[in-house]
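Listed below, chain by chain, are the residues.
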Amino acid sequence: MIPTTLKHTIAVLVNDQPGVLQRVSGLFGRRGFNIESITVGQSEEAGLSRMVIVTTGDENTLEQVEKQLYKIIDVIKVIDLSSRPMVARELALIKVKAEPAERPEIMGVIETFRAAVVDIGPSSLMVQVVGDTEKIDAMIELLKPYGIRELSRTGATAMIRGNV
Amino acid sequence: MSAQIPNVQSTDELREKWMKPEVITGSEMLLRSLLLEGVECVFGYPGGAVLYIYDAMHGFDDFKHLLTRHEQGAIHAADGYARASGKVGVCIATSGPGATNLVTGIATAYMDSVPLVVITGNVATTLIGTDAFQEADITGITMPITKHSYLVRDVEDLPRIIHEAFHIANTGRKGPVLIDIPKDVSAAKSLFKPHTEPVMMRGYNPRVLPNKLQLDKLHQAIAEAKRPLILAGGGVVYSGGHEELLKFVETTGIPITTTLLGLGGFPSGHDLWIGMPGMHGTYAANNAIQQSDLLISIGARFDDRVTGKLDGFAPHARIAHIDIDPAEIGKNVKTDIPIVGDVKTVLEMLNIEAGHSSYADEWRTTIAGWKKEKPFRYDDSEEVLKPQWVVEMLNDTTRGEAIVTTDVGQHQMWAAQYYRFNKPRSWVTSGGLGTMGFGFPSAIGAQMANPERLVISINGDGGMQMCAQELAICAINNIPVKVVVMNNQVLGMVRQWQELIYDNRYSHIDLSGSPDFVKLAEAYGVKGLRATNKQEAAAAWQEAMDTPGPVLVEFVVNKHENVYPMVPQGATIDQMLMGDKE
């Protein structure tokens with residue numbers, strides 16, 4: 001039987017204290033929970049940060065993840081974003097090999113994806129692309145034939161749609 | 001003769017003195033804040049990074065400081081103090097090796113939900129991160145084994161942090177909290193503003209009151225159950241809900257089994273008590289769990305030593321789980337009726353509408369039959385001293401009135417099996433982590449918390465040698481712990497496993513070369529006695545009881561004795577090896 005491992009996106013509102021990221025990521029590590037990506041940054045409230053964590057596991061695992069997270073004193077709130085309609089975005093910077101002759105073709109790809117060129121070198125372009133995971137995967141696939149010199153992508157950050 | 005605990009001079013006058021707003025050092029703030037938390041006794045070991053704190057303690061006698069001989073002794077003593085009193089245990093160690101020596105004790109307390117405030121020194125804030133002398137990232141090291149931790153960066157935060165730490169340690173699911181104080185913070189001066197107001201932390205709101213709907217569901221389940229059973233754990237003792245539990249059991253008439261840490265939470269010897277479950281549990285308790293149709297777990301966490309093979313655990317039962325920690329519910333065993341709340345409060349509420357479990361008459365008879373049919377038993381002997389007999393003797397002479405602390409291993413299981421507990425907080429043992437070296441120093445803490453009670457520490461010859469150096473503090477402070485060493489010259493529980501599971505391949509278990517325990521005790525200035533047969537044992541124990549102050553009694557017991565019943569790992573709990581009798 002194939003275990004049902006689903007991807008879950010959770011937002012964790014935490015006190016903006018030193019060591020909080022370690023507490024949260026350490027919890028995942030030692031409890032055997034998977035972290036696919038984790039992003040951290042300021043939240044709408046001073047003194048609080050928001051982490052967005054993409055994890056995989058069945059419903060029981062997700063329940064344990066949430067409950068264990070709440071045991072951390074610096075965790076204020078845990079929200080299972082993927083249980084509701086949400087918007088998730090990640091960003092990638094891709095440095096692609098681009099001799100002047102190839103550039104028009106590459107620009108075509110970039111425009112189709114509504115990505116942007118953010119730097120131009122003598123023989124390379126730096127491309128910035130924002131979107132969901134699939135879009136960025138697709139963009140990378142299309143740029144691969146030209147030669148990717150460097151790639152850096154963030155994890156997902158996400159929010160529930162609407163007024164919630 | 002009681003332990004020399006100072007009369008804590010917590011008078012209004014002194015309180016006023018402590019509360020007076022004045023400019024003092026972080027170290028003085030620490031001491032005053034501890035006093036405001038009602039601390040009477042701390043266990044510790046000085047070193048470079050806590051010298052300002054120890055300097056502030058010079059001539060300070062508002063609380064007792066016990067200088068242990070190893071930081072591990074200090075934290076286990078603080079742990080024993082907390083378990084035997086219900087108050088927060090406090091210990092102090094220096095940075096680096098001092099702090100890392102506490103790790104085993106912190107993990108022990110964390111696994112068993114024991115409230116501790118652990119204070120460590122650290123190198124000055126300017127040196128943190130430079131691999132300075134005796135620097136260790138102790139908050140990082142202990143993150144997985146503390147309920148919460150603090151690295152104090154500003155002296156002005158100290159009073160608040162200490163107040164929060166005590167609150168966190170001793171509320172909700174209790175546990176150890178670490179406060180790491182850099183040396184310059186303990187030296188820095190600032191205006192002391194005592195922190196005594198209620199703690200408000202957004203991320204910390206333990207749920208005390210249960211959901212009423214779930215309580216109704218449980219009442220309904222009890223009314224319908226034909227084979228209900230209560231599984232009570234350490235949460236009963238920690239919440240102080242033992243009287244409510246007794247009332248609940250007597251009202252409903254539901255039989256009860258208590259886990260290792262739950263011992264004392266319900267009177268052993270009560271008609272409805274069926275002993276301890278699990279790996280070395282009773283025949284009655286294990287069978288009852290397996291055949292129950294409603295299992296009500298109260299402050300117990302379905303540890304694997306209790307459940308055995310999880311897939312085959314309580315296969316016919318609906319599970320109700322009462323716990324203050326929501327994360328325990330559904331963690332190991334699927335729960336049908338989850339009740340999050342403080343055990344005492346939940347039981348109080350349940351008792352309002354509790355009714356007799358009237359369909360369970362046949363079940364009660366069945367269980368009584370099991371209890372009678374196969375109680376704990378052993379082959380007594382006149383030639384060799386049997387450890388079970390020794391525990392029975394201790395039980396007979398104290399009639400369950402003593403506080404018993406144990407180390408880990410066979411003697412621990414025999415103590416759990418053959419000692420009878422009447423009162424909560426009379427049983428101090430390392431359950432979750434199974435920490436050797438815990439038994440003896442924890443007794444020192446238990447005695448400090450209960451100067452007038454008899455404290456017996458039962459140890460094996462292995463564990464005794466892991467913290468024996470603390471005999472010194474018993475001697476100098478006249479802490480009258482009666483130290484029992486069950487000497488079988490071997491790592492008994494390991495030998496038992498090697499015999500039963502590893503095909504008699506006895507690998508590295510021989511403890512030849514152990515010291516003469518009587519001489520060891522005497523070397524520290526503690527009276528030492530030895531017994532090799534029943535007559536000597538009775539006489540030695542009588543002498544120990546008649547002697548004021550600490551005494552070590554070595555019982556040279558049968559080397560080949562095993563703990564039965566035993567559920568082999570990977571088996572369901574009704575698949576018990578019963579020993580020679582089968």
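Conventions and cut-offs
- Residues numbered from 1 in each chain as written.
- Chains lettered and ligands numbered in written order.
- Predicted model: local features only at pLDDT ≥ 70, side-chain atom pairs only at ≥ 80, totals over all residues.
- Heavy atoms only, no water.
- UniProt positions renumbered as here; feature names shortened; annotations may be inferred.
- Helix = DSSP H or I, 4+ residues; strand = E, 2+ residues; numbered from the N terminus.
- Buried < 20%, exposed > 50% of the residue type's maximum accessible area, 1.4 Å probe, protein only.
- Contact = heavy atoms within 4.5 Å.
- Areas by Shrake-Rupley, 256 points an atom, 1.4 Å probe, with all protein chains shown as cover.
- Lys, Arg positive; Asp, Glu negative; His and termini not counted.
- Charge placed at Lys NZ, Arg CZ, Asp CG, Glu CD.
- Phe/Tyr/Trp six-rings, centres within 6.5 Å; stacked < 30°, edge-to-face > 60°.
- Lys NZ or Arg CZ within 6 Å of the ring centre and 35° of its normal.
- Polar contact = N/O pair within 3.5 Å; in protein donor to acceptor, adjacent residues only side chain to side chain.
- Domains from an automatic or database assignment.
- Buried area = accessible area lost by both parts, 1.4 Å probe.

The name that an unreviewed UniProt entry assigns to chain B is Acetolactate synthase, with the source organism given as Paenibacillus bovis. Checking UniProt for chain B, the heading Sequence similarities (unreviewed entry) contains the comment "Belongs to the TPP enzyme family."

By the naming in an unreviewed UniProt entry, chain A goes by Acetolactate synthase small subunit and is assigned to Paenibacillus bovis. According to the UniProt record, the Sequence similarities (unreviewed entry) comment for chain A reads "Belongs to the acetolactate synthase small subunit family." Quoted verbatim from the Subunit (unreviewed entry) heading of the UniProt record, the comment on chain A is "Dimer of large and small chains."

(A) Representation of the overall build of chain B in the model. Along the backbone of chain B there are 24 helices and 19 strands. By principal-axis analysis of the C-alpha atoms, chain B measures approximately 70 × 60 × 45 Å. For chain B, the residues scored as buried account for 61% of the 582 residues in total. Pairs at least 24 residues apart make up 76% of the contacts formed inside chain B by residues separated by at least 6 positions. In the form shown here, chain B has an accessible surface area of approximately 21,900 Å², with 50% of it arising from carbon and sulfur atoms. Averaging the coordinates of the 50 positive side-chain charges in chain B and doing the same for the 67 negative ones gives two points 3 Å apart.

(B) How the structure looks around helix α22 (residues 492–500) of chain B. Three or more residues of α22 of chain B are buried, namely Gly-492, Met-493, Arg-495, Gln-496, Trp-497 and Gln-498 of chain B. Packing partners of the buried residues in α22 of chain B comprise α14 (304–307) and α18 (410–418) of chain B.

(C) Region of interest: the packing of aromatic side chains. Residues and elements named next belong to chain B. Following the criterion strictly, the structure yields nine aromatic pairs over all chains and no others. Ring geometry for Phe-43 against Tyr-81: centres 6.3 Å apart, planes inclined by 65 degrees, an arrangement best described as edge-to-face. In this pair, Phe-43 sits in strand β2 (residues 41–45) while Tyr-81 sits in helix α4 (residues 71–85), placing the two residues 38 residues apart along the sequence. A residue is classified by how much of its surface remains accessible, and Tyr-81, at 3% relative accessible area, is buried. Ring centres 6.1 Å apart and planes at 90 degrees place the aromatic pair Trp-363 and Trp-370 in the edge-to-face group. As far as the burial class goes, Trp-363 and Trp-370 line up, both buried. The ring centre of Tyr-359 lies 5.9 Å from the NZ or CZ of Lys-226, which sits over that ring.

(D) Focus on the side chain of Ser-113 of chain B. Residues and elements named next belong to chain B. Here Ser-113 is to be found in the loop between α6 (103–111) and β5 (116–122). Note on Ser-113: relative accessible area 8%, which makes it buried. At 3.0 Å, the side chain of Ser-113 and the side chain of Arg-173 are in polar contact.

(E) Focus on the domain arrangement of chain B. Residues and elements named next belong to chain B. Once the domains are mapped, chain B shows domain 1 (11–192), domain 2 (214–373) and domain 3 (387–556). Computed over C-alpha atoms only, the centres of domain 1 and domain 2 are separated by 37 Å. Between domain 1 and domain 2, the contact holds eight residues from the first and six residues from the second. Between domain 1 and domain 2 lies a buried interface of about 630 Å² when both sides are counted; carbon and sulfur atoms form 51% of it.

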